[in-house]
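# Residue-level structure breakdown
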2 protein chains.
Amino acid sequence: MTGASFGQVTIVGLGLLGGSIGHAVQAYLPGTTVVGYDADPDVREAARGLGLAHRIADEAGEAAIGSDLVIFCVPVGAMGAAAAAIAPGLSVEALVSDVGSSKATVAAALAQALPGHHVIPAHPVAGTERSGPEAGFAALFRNRWCIITPPADADPVLLARLVAFWEALGARVETMDADHHDKVLAVTSHLPHLIAYTIVGTASDLEQVTQSEVIKYSAGGFRDFTRIAASDPTMWRDVFLTNREAVLEMLQRFTEDLTELQKAIRKGDGAFLFDHFTRTRAIRRGIIEMGQDDARPDFGRSDHNGDGQGSGGGEPA
Amino acid sequence: MTGASFGQVTIVGLGLLGGSIGHAVQAYLPGTTVVGYDADPDVREAARGLGLAHRIADEAGEAAIGSDLVIFCVPVGAMGAAAAAIAPGLSVEALVSDVGSSKATVAAALAQALPGHHVIPAHPVAGTERSGPEAGFAALFRNRWCIITPPADADPVLLARLVAFWEALGARVETMDADHHDKVLAVTSHLPHLIAYTIVGTASDLEQVTQSEVIKYSAGGFRDFTRIAASDPTMWRDVFLTNREAVLEMLQRFTEDLTELQKAIRKGDGAFLFDHFTRTRAIRRGIIEMGQDDARPDFGRSDHNGDGQGSGGGEPA
């Protein structure tokens, strides 16, 4: 579990995830040099100001030179193109990885763009609704899971080094195959995002209830969905396009269950509703016990700290 | 806006809401005496220990004696029975109110149980996923909206005193008619809860993904839904049964929108997805600007405070 396994790491894509890795490597792996690259010159400029890396490369072709680990942190639909652009400077000994939220498609795209290279995809299950280089912070991965999806022929030494790398950043590491990952994440992440994006859209399109009313009375539950639905649109478009089958399958299950609850409401079947609503409490307890969420009521939101002001501090319109 | 408008307040039902009112009146209206009552003797005992009221009545029939405001804080399906039990001790001059999440049905139930009495229903849009007397705290209503739904013939003096009461507890007050309230809350609160209960149920019933995987990787979005789906089952059963029409109407809209997004995923229509996901960001900004949510990423959850531990502090299984 030595943190110094990689002498130089290149991060391609300097948004929330890439920026956080940049901060985290500098904080927790002081022996490792970080090189950053982003296709957007404004992001490169911002990344320099934020100190996300020891050096920010201006050309894709030279970003990977001298690195023994290259991590792609771009939307999953852009992985192949980003890999092809990096290829000229990439050593055949280097390990190529990523942080994408869907894994089977990304594994194929990276392997196709970088034939003959070592590719071991990974997915740190961590993030916030923020995006862009300013959103990154070193502690993002601490106490979160990182799922590594090694191909069958993955080099065991490189795999062990990648595990150690993520552990050094504070993550707990699990390995599974890419297809299983895509099913698990379809339910724990992709479907929740789709549902949240849907309901926020529905609420903003109503005629009988104004958008300002929706905003005003959002503390009744709706506001939680808006946080998720504020996530990066490009990233999420790509997730749904690259994990289509698993998402559609989970969505089908969800729709069946929703129809059943709808029918219970229509029929006035209180016993069915009560049983269903009781059952779902156990999962929350499991999440709290496993340290995967804040145990305080309402996630410990600041408006319950008794200061009488939500942190937004706004006044009624 | 004098806080001393009511000399004695009776709170019927000492769960999260009733308990919070008990704490809040003692904290912010020191001139007011608080009497509490709950049909459950264990809750009465707990309420005494927690100091939720100056006095806890043991009999429903004497709980309202001497009070000029009685607030029912029981599940909306139990309002009528609770009001009938209280009636013997209730003065005809006293104001009767409640905190229920649906208003048209509750207004009818209270009016029927207490003919000749002053009834002005109210709904503080505040809460957490916790329930029971231990869950209450004085600051629950601060900076949150309280919607009052006065009947057409409401006494304007009593209405003004009820407004002043909620403002003294820190709430912002809005009035509207009960039917409109029920439509607004169907979208900002009831539908989000129904969706959250559904998806948490769906996730726990899958064969290909285990419940322990769902819990483990919940930080990808799912965990937010589990918080909402941990809310009190009795309360929510009653909400869906008493606000049926509005909930079913909003659910219909939601289902149409979800079907449209499903189709876009199936067809691979990235432009449609991107446009939809971009549009939903604006609502989040409105909520933050109006001080209705915590502006910090991830609601300011403690696992981003950089201490490396979610507050649950659990270890991987």
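Residues numbered from 1 in each chain as written. Chains lettered and ligands numbered in written order. Predicted model: local features only at pLDDT ≥ 70, side-chain atom pairs only at ≥ 80, totals over all residues. Heavy atoms only, no water.

## What to know about the interface of chain A and chain B
Listed per partner, the contact involves 129 residues of chain A and 129 residues of chain B. Around 12,000 Å² of area is buried between chain A and chain B when both sides are counted, 64% of it from carbon and sulfur atoms. Applying the counting rule to chain A against chain B returns twelve salt bridges. Its salt-bridge partner being D224 of chain A, residue R227 of chain B comes within 2.8 Å of it at the nearest N-O pair. Counting across the interface, chain A meets chain B through 46 residue pairs in polar contact (both at pLDDT 80 or more). No other element matches the 20 residues that helix α7 (residues 178–204) of chain A contributes to the side of chain A that touches chain B. Among the residues forming the side of chain A that touches chain B, the class breakdown is 53 nonpolar, 42 polar and 34 charged. (Contact = heavy atoms within 4.5 Å. Buried area = accessible area lost by both parts, 1.4 Å probe. Salt bridge = Lys/Arg side-chain N within 4 Å of Asp/Glu carboxyl O. Polar contact = N/O pair within 3.5 Å; in protein donor to acceptor, adjacent residues only side chain to side chain. Helix = DSSP H or I, 4+ residues; strand = E, 2+ residues; numbered from the N terminus. Nonpolar A, V, L, I, M, F, W, Y, C, P; charged D, E, K, R; others polar.)

## Some remarks on the relation of the copies chain A and chain B
Structural alignment of chain A on chain B gives an RMSD of 0.0 Å, achieved by rotating through 180° and translating 0.0 Å along the axis. Within this description, the copies of the chain are treated as partners about a two-fold rotation axis. An overlap of 100% is found between the interface residues of chain A and their copies at the interface of chain B, pointing to a shared contact surface. (Least-squares fit on C-alpha atoms with pLDDT ≥ 70 in both.)

## Here we look at the side chain of T202 of chain B
Mapped onto the elements, T202 of chain B comes out in helix α7 (residues 178–204). Using a relative accessible area of 2% as the deciding quantity, one classes T202 of chain B as buried. Excluding residues within four positions of it along the chain, T202 of chain B makes contact with M250, R253, F254 and D257 of chain A. (Buried < 20%, exposed > 50% of the residue type's maximum accessible area, 1.4 Å probe, protein only.)

## A look at the pairing of strand β4 (residues 69–72) of chain B
Residues and elements named next belong to chain B. Here β4 shows two buried faces, one formed by L69 and I71 and the other by V70 and F72. Here strand β1 (residues 8–12) pairs with β4 via four bridges, running parallel. Opposite V9, over in β4, you have L69 as the bridge partner. The pairing of β4 with strand β5 (residues 95–98) spans four bridges and is parallel. By the bridge assignment for β5, F72 is matched with D98. (Pairing = 2+ DSSP bridges.)

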